[in-house]
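# Commentary on secondary and tertiary structure
The primary structure of each chain is shown beneath.
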Amino acid sequence: MKLLASLFLAATALAVPAVHAQGYPNRPIRLVVPFPAGGATDIFARSLSQKMGERLGQTIVVDNKPGAGGAIGSDLAAKAAPDGYTLLLATTSTHSVGPLLSTKLPYDAVHDFTPIVHAGDAPNIMLVPNTAPARTVKEWVDYARKNPGKLNYASSGNGTIVHLTAEYFKAQADLFLVHIPYKGTALAIPDLVSGKVDVLFDSLPSGLPHVKEGRLRALGITSAKRSPLLPNLPAVSETIPGFESVTWFGFYGPKGLPADITTKVNAALNQALHDPEVKDRLARLGIEPVGGTPRQFAAMLEKDRAKWKKIVTERHITAEQ
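Our subject in this report is the structure included herewith. Just so it is clear, the structure is predicted and the values come from calculations on it, not from any experiment.

### Let's talk about the overall build of the chain
For the chain, the count of helices and strands is 11 helices and 10 strands. Against the 2.2 N^0.38 benchmark of 20 Å for 321 residues, the chain shows a C-alpha radius of gyration of 22 Å, consistent with a compact globule. In terms of overall dimensions, the chain has a C-alpha envelope of 85 × 40 × 30 Å along the principal axes. Buried positions account for 50% of the 321 residues belonging to the chain. A fraction of 79% describes how many contacts in the chain between residues 6 or more apart in sequence connect residues 24 or more apart. A total of about 14900 Å² of accessible surface is found on the chain, and carbon and sulfur atoms cover 58% of it.

Written as structure tokens, this is what we have:
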């Protein structure tokens, strides 16, 4: 009898997760956004949350937990119960670049999370002053090679994706450019307009208005190929083969998230990303929806980390530079 009772208890324990997963979700889901309200990541989360919730049949509550470059919110999600009721919207900075620049993060970006979906990409655009003696990426590269050390580039700060994108561009094009870090690209724009700064790889939504207003010239976009958001703007890769730099957005669950819950959330997100209303909102943000499987997301992450690790190591980049 004791043996039968033990076997019954063991079978019951094994059945609990399956029953729980089948009934998921039966209460609101918290979506942790590790950045402040009003920013691109937050707007992205809110653009998806309603449609995602409709697919899952539950409310998605966006919970902003900013601080430490996204580390506070990411750590909170990593330590949550792996039951599908706490999800994380992460970015390149929290799970690719950040871990390379700091050994003090309270979470392991690879082992403490369950990848769910690669939700979207936000490319940068290569901006130069209207007075620049170049109208194409190739002309700019040729000019920079003829004037080594005489040209500079702005960034939004040491260790940011804007900084790393420019360093990646320098490495791929074999250029010598001087780095001028600012506390955000908005502060660099006036100096770029006046010609004190020679080039800036700014995000699409913040940089494009200056191009449309005629204050700056856009030479290229940093996505792997031309963006459907700006089909007439050449990709930098058309001049420098293989060049690509985007800020990705992706959904994670804590480590140990059951496979069936992961699959269910992934399906809801893929459906939401294909919704015409969501696609329109993301286009206004300068974000291209992606989607796909958890495995595809994990493969992209591995490739992305390897690329930035090479740049960070070879260029001796730190957040404190």
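### What about the packing of aromatic side chains?
Taken as a whole, this structure holds 11 aromatic pairs when the rule is applied. When the ring of Trp140 is compared with that of Phe169, the centres are 6.3 Å apart and the planes differ by 55°; the resulting orientation is tilted. With Trp140 in helix H5 (residues 137-146) and Phe169 in helix H6 (residues 161-173), the pair connects residues that are 29 residues apart, well separated along the chain. For the ring pair Phe169 and Phe201, a centre distance of 5.1 Å and an interplane angle of 55° mean the geometry is tilted. With Phe169 in helix H6 and Phe201 in strand E7 (residues 199-203), the pair connects residues that are 32 residues apart, well separated along the chain.

### Some words on helix H3 (residues 71-78)
One turn of an α-helix holds 3.6 residues; hence residues three or four places apart share an orientation. Counting buried positions along H3 gives six out of eight residues, so the element sits mostly inside the fold. Turning to H3, its buried residues are Ala71, Gly73, Ser74, Asp75, Ala77 and Ala78. Residues of H3 that are buried in the fold lie against strand E1 (29-33), strand E3 (86-91), helix H4 (92-101), strand E4 (113-129) and strand E9 (246-254).

### Looking at the nonpolar core
In terms of nonpolar packing, the biggest core is built from 47 residues, with Ile125, Met126, Trp140, Phe169 and Leu175 touching the most fellow members. It is H6 that contributes the most residues to this core, seven residues altogether. If near-sequence neighbours (up to four positions away) are discounted, Phe169 is found in contact with Met126, Val137, Trp140, Val141, Leu175, Phe201, Val236, Ile240 and Phe243. By size, the runner-up hydrophobic cluster in this structure holds 31 residues, among which are Leu48, Tyr85, Phe251 and Ile261.

### Topic: the pattern of salt bridges
Under the criterion given, the structure shown has 15 salt bridges. Across the salt bridge formed by Asp83 and Arg27, the nearest N and O atoms sit 3.5 Å from each other. Remark: Arg27 occurs in the loop between helix H1 (2-22) and E1 and Asp83 occurs in the loop between H3 and E3; sequence separation between them is 56 residues. Judged by its relative accessible area of 19%, Asp83 falls in the buried class. A relative accessible area of 40% means that Arg27 is categorised as partly exposed.

### Brief notes about the packing of H4 against helix H11 (residues 294-314)
Interhelical geometry of H4 versus H11 gives an angle of 35° and a closest axis separation of 9 Å. When you trace H4 past H11, the crossing you get is right-handed. Side by side, H4 and H11 meet where Thr92, His95, Ser96, Val97, Leu100 and Leu101 of the first sit next to Asp304, Arg305, Trp308, Lys309 and Val312 of the second. Across the contact of H4 with H11, the residue classes break down as five nonpolar, three polar and three charged.

### Examining the layout of surface pockets
Approximately 990 Å³ is the volume found for the largest pocket. Elements with a minimum of two residues in the lining of the largest pocket: helix H2 (40-56), H4, E4, H6, E7, helix H8 (204-212) and E9. A per-element tally of the lining of the largest pocket places H4 first, with six residues. The residue inventory of the lining of the largest pocket, partitioned by class, reads 18 nonpolar, 19 polar and one charged.

Cut-offs and rules
Residues numbered from 1 in each chain as written. Predicted model: local features only at pLDDT ≥ 70, side-chain atom pairs only at ≥ 80, totals over all residues. Heavy atoms only, no water. Helix = DSSP H or I, 4+ residues; strand = E, 2+ residues; numbered from the N terminus. Rg over C-alpha atoms; globule rule 2.2 N^0.38 Å. Buried < 20%, exposed > 50% of the residue type's maximum accessible area, 1.4 Å probe, protein only. Contact = heavy atoms within 4.5 Å. Areas by Shrake-Rupley, 256 points an atom, 1.4 Å probe, with all protein chains shown as cover. Phe/Tyr/Trp six-rings, centres within 6.5 Å; stacked < 30°, edge-to-face > 60°. Core = buried A, V, L, I, M, F, W, Y, C linked by side-chain atoms within 4.5 Å. Salt bridge = Lys/Arg side-chain N within 4 Å of Asp/Glu carboxyl O. Axes fitted to C-alpha atoms, helices over the stretch in contact; angles between N-to-C directions. Left-handed = near helix turned anticlockwise from the far one by under 90°. Nonpolar A, V, L, I, M, F, W, Y, C, P; charged D, E, K, R; others polar. 1 Å grid on protein atoms, 1.4 Å probe; cavity = no way out; pocket = protein on both sides within 12 Å on 5 of 7 lines; lining within 4 Å. Points joined across faces, edges and corners; volume = space filled by probe spheres on them.

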